[in-house]
Amino acid sequence: MALKKYDDLNDMQIDALREIGNIGSGNAATSLADMLSKPVDIGVPKIEILDYDDVVKSLGGPEQLLVGILLSLTGDVQGMMMFLLQKDFVKMLVENLIGEPFDEEKGLDEMSLSAIQEVGNIMAASYVNAIASMTGLDINISVPSLSVDMAGAILSTPAIYYANISDKIIFIQDEFNQTNKENEVTSHILLIPEVDSLQKIMECLGLGESFT
């Protein structure tokens, strides 16, 4: 039976998504270490399939200020990815990449925004490459678009776009650590393939049947 919605995913298919997330997160940690020229460790990623309201709650509520980086997926897989970065992650990136203290009152200047956008692009490629290497599918990502807004507003984009497709998304939480727990920062990735593309991924993994 073909997938018609995210709720149709069975336990084996969800485990496959977790494995993709694990590999993607490991690749992302390597890419981040290369960008920062510093060792970066990563904890075991937390990967869930959640509805939009639960995602907003997990991010700290609708008024939580975030940096959102949105990328479209094209090719054999259609959909979108979104990176959501909270203040501690943004602070770490700016101070390491720009080499200046992060001024919360001043906010992000053009150079900082450009650097964060490039980080999002490189880390998104880490997850896309994980899917491509496991499935053999050809997947492209768009030029990233960046916004600084509250969680509720940022999440409205995928919620509206996928209103008639699914009310669930793949939610990945990564914890990166440079040297110790005091320097631990968290990023969140929303992976939202269209249902037909999700079915294609499962078929390539030999898990095309859905048992509901």
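Residues numbered from 1 in each chain as written. Predicted model: local features only at pLDDT ≥ 70, side-chain atom pairs only at ≥ 80, totals over all residues. Heavy atoms only, no water.

Moving on: the overall build of the protein. Across its full length, the protein holds 6 helices and 8 strands. When the helices and strands of the protein are listed from N to C terminus, the series reads α-β-β-α-β-β-α-α-β-β-α-β-β-α. Computed over C-alpha atoms, the radius of gyration of the protein comes to 17 Å, within 12% of the 17 Å expected from 2.2 N^0.38 for 212 residues, which places it in the range of a compact globule. Intrachain contacts of the protein at a sequence separation of at least 6 include 74% that bridge at least 24 residues. When the accessible surface of the protein is split by element, carbon and sulfur atoms take 49% of a total near 10200 Å². (Helix = DSSP H or I, 4+ residues; strand = E, 2+ residues; numbered from the N terminus. Rg over C-alpha atoms; globule rule 2.2 N^0.38 Å. Contact = heavy atoms within 4.5 Å. Areas by Shrake-Rupley, 256 points an atom, 1.4 Å probe, with all protein chains shown as cover.)

We now examine the pattern of salt bridges. This structure, assessed with the given rule, holds 3 salt bridges. The partner of Glu48 in a salt bridge is Lys46, with the nearest N and O atoms 3.9 Å apart. The class of Lys46 is partly exposed, set by a relative accessible area of 43%. (Salt bridge = Lys/Arg side-chain N within 4 Å of Asp/Glu carboxyl O. Buried < 20%, exposed > 50% of the residue type's maximum accessible area, 1.4 Å probe, protein only.)

Let us now look at the pairing of strand 7 (residues 168-177). With 9 of 10 residues buried, strand 7 is to be regarded as a mostly interior element. As paired strands, strand 2 (residues 46-51) and strand 7 are joined by 6 bridges and run antiparallel to one another. The residue of strand 7 that forms the bridge with Glu48 is Phe171. (Pairing = 2+ DSSP bridges.)

Considered for burial, the residues of helix 6 (residues 195-204) that qualify are Val195, Ser197, Leu198, Gln199, Ile201 and Met202. Just beyond helix 6, the residue with positive phi is Gly206, at close to 75°.

If you check which residues of helix 3 (residues 87-97) are buried, you get Phe89, Val90, Met92, Leu93 and Val94. Next to the buried residues of helix 3 lie helix 1 (11-36), strand 3 (65-75), strand 4 (79-85), helix 4 (110-135), strand 7 and strand 8 (184-193). Among the residues trailing helix 3, Gly99 stands out with phi positive, at a value near 80°.

What follows covers the packing of aromatic side chains. Counted according to the given criterion, the structure contains 2 aromatic pairs. With 6.0 Å between their ring centres and 65° between their planes, Phe83 and Tyr127 make a pair best called edge-to-face. One end of the pair, Phe83, is in strand 4; the other, Tyr127, is in helix 4, with 44 residues separating them in the sequence. As far as the burial class goes, Phe83 and Tyr127 line up, both buried. (Phe/Tyr/Trp six-rings, centres within 6.5 Å; stacked < 30°, edge-to-face > 60°.)

In this section: the pairing of strand 3. In this structure, strand 3 lies alongside strand 6 (residues 145-150), joined through 6 bridges in antiparallel fashion. Across the sheet, the residue bridging to Gly68 is Ser147, located in strand 6. Bridge analysis of strand 3 against strand 4 gives 7 bridges, and the strand direction is antiparallel. When the sheet's bridge partners are listed, Val67 is paired in strand 4 with Leu85.

The grouping of Leu65, Val148 and Met150 at the surface amounts to a nonpolar patch, some 260 Å² of accessible area in total. Take Val148: it is sitting in strand 6. Among the residues examined, Val148 registers a relative accessible area of 44% and is labelled partly exposed. (Patch = residues over 30% accessible without salt bridge, like charges linked within 9 Å, V, L, I, M, F, W, Y side chains within 5 Å.)

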